[in-house]
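Residue strings, one per chain:
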Amino acid sequence: MEQTAAEHVVVEYEILQVPWWLIVLEGIFAVIIGLFLLFSPVKTTITLVQILGIFWLLGGALSILSLLVDRENLGWKLLSGIMGILIGLLVFVYPLSPFVVLAFFL
């Protein structure tokens, strides 16, 4: 049987089941980080950008390690891995680089 253009296909989406306490915990963390940003913006900004540097560094390493499992998109994975590692190291080598990163994003 062929579908005609007049027939409508109903797409149902699964409802995301997230525990209520996880949403409350995320809100508490957001309020705490917001208070830190209000009362000590420089130290908090440096800390948050260094955490971002850790994610870049680990993401780059995992991107390169994923090449051992799957060789698909070799060039892009290698490029993103090398850039992630370099940017992650840049954040750790230059302690004032968070301000350079923030200026780049602005």
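What counts, and where the lines are drawn
Residues numbered from 1 in each chain as written. Predicted model: local features only at pLDDT ≥ 70, side-chain atom pairs only at ≥ 80, totals over all residues. Heavy atoms only, no water. Axes fitted to C-alpha atoms, helices over the stretch in contact; angles between N-to-C directions. Helix = DSSP H or I, 4+ residues; strand = E, 2+ residues; numbered from the N terminus. Parallel < 35°, antiparallel > 145°, perpendicular 65-115°, else oblique. Left-handed = near helix turned anticlockwise from the far one by under 90°. Contact = heavy atoms within 4.5 Å. Nonpolar A, V, L, I, M, F, W, Y, C, P; charged D, E, K, R; others polar. Salt bridge = Lys/Arg side-chain N within 4 Å of Asp/Glu carboxyl O. Buried < 20%, exposed > 50% of the residue type's maximum accessible area, 1.4 Å probe, protein only. Patch = residues over 30% accessible without salt bridge, like charges linked within 9 Å, V, L, I, M, F, W, Y side chains within 5 Å. Areas by Shrake-Rupley, 256 points an atom, 1.4 Å probe, with all protein chains shown as cover.

### Regarding the packing of helix α2 (residues 41-65) against helix α3 (residues 74-93)
Moving on, step 1. Put simply, α2 and α3 touch, their axes get as near as 7 Å, and they point 150 degrees apart. With respect to their mutual orientation, α2 and α3 come out roughly antiparallel. Between α2 and α3 lies a crossing of left-handed hand. Counting all contacts with α2, which are made through Val49, Gln50, Gly53, Ile54, Trp56, Leu57, Gly60, Ala61, Ser63 and Ile64, the residues of α3 involved are Lys77, Ser80, Gly81, Ile82, Gly84, Ile85, Ile87, Gly88, Leu89, Val91 and Phe92.
Moving on, step 2. Its residues placed into classes, the contact of α2 with α3 shows twelve nonpolar, eight polar and one charged.

### Remarks on the pattern of salt bridges
Moving on, step 1. This structure, assessed with the given rule, holds one salt bridge.
Moving on, step 2. The closest approach of N and O atoms between lysine 77 and aspartate 70, which form a salt bridge, is 3.6 Å.
Moving on, step 3. A relative accessible area of 34% means that aspartate 70 is categorised as partly exposed.

### A short note on a nonpolar patch on the surface
Moving on, step 1. Residues Val18, Trp20, Trp21, Leu22, Ile23, Val24, Leu25, Ile28, Phe29, Ile32 and Phe36 make up a contiguous nonpolar surface patch of about 1,100 Å² in total accessible area.
Moving on, step 2. Looking at tryptophan 21, the relative accessible area reads 48%, which means it is partly exposed.

### Some words on the environment of glycine 88
Moving on, step 1. Position of glycine 88 relative to the elements: it lies in helix α3.
Moving on, step 2. For the pair formed by glycine 88 and phenylalanine 55, sequence separation is 33 residues and the distance between their alpha carbons is 7.5 Å.
Moving on, step 3. Aside from chain neighbours lying at most four places away, what touches glycine 88 is Gly53, Trp56 and Leu57.

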